[in-house]
Amino acid sequence: MIAEAGLAALWLAASLALLQLALAAIGLRAQRNADELLVAVRPVAIVQGALAVVAMLLLIVLFQQSDMSVKLVATNSHSAKPWLYKVAGAWGNHEGSMLLWVTILGLAGAAVARFERQLEPRTLAATLGAQGLIALGFYAFLLFSSNPFERLSPAPRDGQGLNPILQDPGLAFHPPTLYAGYVGLSVAFSFAVGALVTRDVGRAFARAMRPWVLGAWVFLTLGITAGSYWAYYELGWGGWWFWDPVENASLMPWLAATALLHSVTVLATRDGLRAWTVMLAVVAFSMSMIGTFLVRSGILTSVHAFAVDPERGAFILALLLLYIGGALALFALRVGTVREGTTFELVSREGGLVANNLLLSVILGIVLIGTLYPIVAAAFGVQLSVGPPFFNKAAGPIALVLVVVMAAGPLLRWRRDKAGEVVERLTWPIAAAVFAFAALVAFATPIGVLPLLGLSLAVGLAVASVAPLWKRDLRRTPLFTWGMVVAHLGLAVSLAGMACDSAFTAERLVALRAGEATRVGPWRVSFAGLSPVIGDNWSGLQARLTAERDGRTRLLFPQSRTFADPPTVTSESAIATVLDGQLYTVLGAADGQGRWQLRLWWKPFVTLIWLGGTLVALGGALSLVGRLRPRRREAWT
Amino acid sequence: MDVKRPLVWLPLAGFLLVAIVVAVALYAPADRTVRSAMIGQPLPAFNLRPIVSTKPGVASDAMKGHGPRLLNIFASWCVPCIAEAPQLMRLRQAGVRIDAVAIRDTGPAVAGFLRRNGDPYAAIGDDPSSAVQLSLGSSGVPETFLIDGQGIVRRQWVGDIRADQVDEVLAAVRDVQ
């Protein structure tokens, strides 16, 4: 019954999405007396979101109960799984992850309907109509080609299990967080479409849209940071970013959302960059959808690809053509009627933000081209893949220029500034960067140009990012200023971690007998031996390693796990985190003569990467609270 | 912002272009041809002892200066090789010379395999440690290489040759002649 109830909830939600679209469309077309129609869109959107949540919860219940008569459960779960992975298994597959996508889409629409009070009613109705249209397409996709509630008869005795590599606490939180970011951007997209429909692009529109963009961006940042750390410790390859198509699929919306975040501030504060902001709002969610499409269609092979199915691919491609093509066409038709905003001088806060936007767009373009190039090449009969050498070389230098702009931007005045005074304000950051550069050249082992520049600029950016707080009463500094400071500082911290990782990592691949030892970086690692370990639904071998450094010892237990259902061997890395970095150990294969392969890395300051990412998200959250608070006070008085 | 009229259609045009490429990629049949690095290359030098007393061994030098032939990588313990045997017999009957490399095998086992499944081979070399197999860029059994009269590798088929592939193999042999 639960599966049928879930399916019914989906159908109901889909019909409400249709109603939401119809009410908005009819209400906006009617010349008068349509206010009731427009007002009715709100509750419809809320109930639609609630029904989607019900469907998702019912799917989780099915997984929790291990109801093997449901095809999705039988193919992706197993009764012996720990409960957390049964729950997470609900979205560790194609159908379930699409349901999660639609659920968050519905929730985002419901949240707009419930909480948005700033937007002009007609624009709000148009926004909710657009949100309904997007949801409708994805409901259709679920119901017609990816039904998560499909029954299986006869029911198998037990399930086929979840991909063991996905059996990790990270999986429980990574997709929902990332999806909240992806799909949260749908709100910005719908706002842009709504504003284009009612020709209402201005400061009020920007102020209304900003918190939603900030919220989605915070989730996206957290999701990418968590995903990067998950790949780092779970895959056992020691890397934290692989330029995998799916990683790119999450990076592209983030780049667009970051640009949008900054341009929407120009629009809200100075009423400039109107058309550009609308364009970015369309692009940001388009990148989310393109990312989903590339993954779900199986066009790009990736560890994240669940489905290889041209029919599903064609369905999503049709949705993309409708939504992205439609929004871009609407943009082209209506942008002429968007009045020009306020102008500004080249050297000004606006100018800095435009530079930020252009550089982010160029990086976005590079990542997009690099990700799609294999598909284009394949169309001409050439098989190739685009990897880190391309992305690092093409995007790296531009990212460093962006860091320079980031350092200067917050120290610029709105409207007009003097170049000489800006340089004066940047004295300390420049001095810090030059000092770091000189110290690295003089004292450190020779390192590559990009890491050297990256580390120096990170130091400069760190100093520059706290500069807006100088000579200010910190208690009276607005929260969104704190947010900017923390986010920019976080990026400096993260950049420093990336540069340290690529400059100073020591790697060692050895084959050791029990009792032997080796050195990696400042550590002496000795291999005490192996012992068997038993898990909930796996068995494995565990190496006992003792790592010594300056008289202090750490114990590490890297494992090789064998899962019976489906039969898979995974390696579980063991990581010792200390203040100045991480010792990363992986147990490899036996050589048949009593020796075991061990892969060891000493990664100085690598943790800064994710600490920085978390700070960036925290900064976004502070800004969000800062932007929401004064509004609430207004509402009370 | 002073946006030129035609320029505002540029994002849409760019997106449609991407969509067309992606649509083509979506429906293009997946390319499953094995692109062997060996194709167009001369055989690596090897000289394998015979594994059964009734047939000679296989040496790379001996393949030069004669007509084209197939080099079949097989093993008596390999089940797909049993499935492939009738196709190899048909190729033999069509006049194709087939040499073989037996992987990690023994003489009595190979003799038994040929008795049960037919014997299409002119020569069989003994590769007890897979050394020659690896030098050919082959990673499993069965695999079949087409060698031309100059000892150059022309084609590689990974997995057993199916009944519907016999004509394709024959055509490839004739092409090389």
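Refer to the structure printed above.
Residues numbered from 1 in each chain as written. Chains lettered and ligands numbered in written order. Predicted model: local features only at pLDDT ≥ 70, side-chain atom pairs only at ≥ 80, totals over all residues. Heavy atoms only, no water.

A. Representation of the sheet that holds strand β7 (residues 153-158) of chain B. Residues and elements named next belong to chain B. The sheet built from five strands is open, its strands ordered β5-β4-β3-β6-β7 with mixed pairing. A strand with exactly one partner marks an edge of an open sheet, and here the two such strands are β5 (123-127) and β7. Between one strand axis and the next, the sheet turns by 20° as a mean value, whatever way the strands run. Pairing of strand β4 (residues 98-103) with β5 involves five bridges; the strand directions are parallel. Across the sheet, residue I103 finds its bridge partner in β5, namely D127. Packed onto the sheet, helix α2 (residues 79-93) meets β3 (69-74), β4 and β6 (143-147) and runs at close to 165° relative to β3. (Pairing = 2+ DSSP bridges. Helix = DSSP H or I, 4+ residues; strand = E, 2+ residues; numbered from the N terminus. Axes fitted to C-alpha atoms, helices over the stretch in contact; angles between N-to-C directions. Contact = heavy atoms within 4.5 Å.)

B. Quick look at helix α9 (residues 245-270) of chain A. All names here are of chain A. Helix length check: α9, at 26 residues, gives a terminal C-alpha distance of 37 Å against a target of 38 Å (1.5 Å per residue), a fit within 8%. Of all 26 residues in α9, 23 are buried; the element is thus mostly enclosed. In the stretch just after α9, D271 is the one whose phi turns positive, near 60°. (Expected span 1.5 Å × (residues − 1). Buried < 20%, exposed > 50% of the residue type's maximum accessible area, 1.4 Å probe, protein only.)

C. Spatial organisation of the state of the cysteines. Residues and elements named next belong to chain B. All told, the structure shown has one disulfide over all chains when counted by the stated rule. Between the sulfur atoms of C78 and its disulfide partner C81 the distance amounts to 2.2 Å. Linking C78 and C81, the disulfide has an S-S dihedral of approximately 90° and is accordingly described as right-handed. Across the pair, C81 and C78 agree in class, each one buried. (Disulfide = S-S within 2.5 Å.)

D. Seen up close, a nonpolar patch on the surface. A cluster of nonpolar side chains, I369, Y373, F380, V382 and L384 of chain A, forms an exposed patch at the surface whose accessible area comes to about 520 Å². With respect to the helices, strands and loops of the structure, V382 of chain A is situated in the loop between α12 (349-379) and α13 (388-408). (Patch = residues over 30% accessible without salt bridge, like charges linked within 9 Å, V, L, I, M, F, W, Y side chains within 5 Å. Areas by Shrake-Rupley, 256 points an atom, 1.4 Å probe, with all protein chains shown as cover. Salt bridge = Lys/Arg side-chain N within 4 Å of Asp/Glu carboxyl O.)

E. Structural context of the environment of I316 of chain A. Its place among the elements puts I316 of chain A in helix α11 (residues 310-334). Between the C-alpha atoms of I316 of chain A and F563 of chain A, which are 247 residues apart in sequence, the distance is 34 Å.

F. Examining the packing of α2 of chain B against helix α5 (residues 166-176) of chain B more closely. Residue and element names in this part refer to chain B. Between α2 and α5, the shortest axis-to-axis distance is 10 Å and the interhelical angle comes to 40°. Considered as vectors, α2 and α5 are oriented oblique to each other. Where α2 crosses over α5, the two elements pack in a sense that is right-handed. Here Q87, R90 and L91 of α2 come into contact with α5, specifically with V166, V169 and L170. Across the contact of α2 with α5, the residue classes break down as four nonpolar, one polar and one charged. (Parallel < 35°, antiparallel > 145°, perpendicular 65-115°, else oblique. Left-handed = near helix turned anticlockwise from the far one by under 90°. Nonpolar A, V, L, I, M, F, W, Y, C, P; charged D, E, K, R; others polar.)

G. Main features of unusual backbone geometry. The omega angle of the peptide bond from S153 of chain A to P154 of chain A is 0°, so this bond is cis rather than trans. With respect to the helices, strands and loops of the structure, P154 of chain A is situated in the loop between α6 (121-145) and α7 (169-198). Put simply, V141 of chain B and P142 of chain B share a cis peptide bond, and its omega is -10°. Mapped onto the secondary structure, P142 of chain B falls in the loop between α4 (131-135) and β6. Backbone geometry at S66 of chain A places phi at a positive 50°, although glycine is not the residue there. In this fold, S66 of chain A is placed in the loop between α2 (35-64) and α3 (71-76).

H. Representation of the sheet that holds strand β1 (residues 506-512) of chain A within the structure. All names here are of chain A. In spatial order, the strands read β1-β10-β9-β8; together these four strands make up an open sheet with antiparallel pairing. Single-partner strands in this sheet number two, and they are β1 and β8 (574-578). Averaged over all neighbouring strand pairs, the angle between strand axes comes to 15°, with direction disregarded. Against the sheet, helix α8 (residues 203-235) makes contact with β8, β9 (581-590) and β10 (596-604), and its axis sits at roughly 40° relative to β9, the strand it touches most. Those strands touched by helix α17 (residues 479-504) are β1 and β10, and its axis lies near 130° from that of β10.

I. Spotlight on the packing of aromatic side chains. Residues and elements named next belong to chain A. Scanning the entire structure with this criterion turns up 22 aromatic pairs over all chains. Here the aromatic rings of W241 and W243 are separated by 6.1 Å at their centres, their planes lie at 85°, and the arrangement is edge-to-face. For W243, a relative accessible area of 13% puts it in the buried group. An aromatic cluster of three or more residues is present, and its members are W101, F138, Y179, Y182, F189, F285 and Y323. In this structure, R627 is placed above the aromatic ring of F480, and the distance from its NZ or CZ to the ring centre is 3.7 Å. (Phe/Tyr/Trp six-rings, centres within 6.5 Å; stacked < 30°, edge-to-face > 60°. Lys NZ or Arg CZ within 6 Å of the ring centre and 35° of its normal.)

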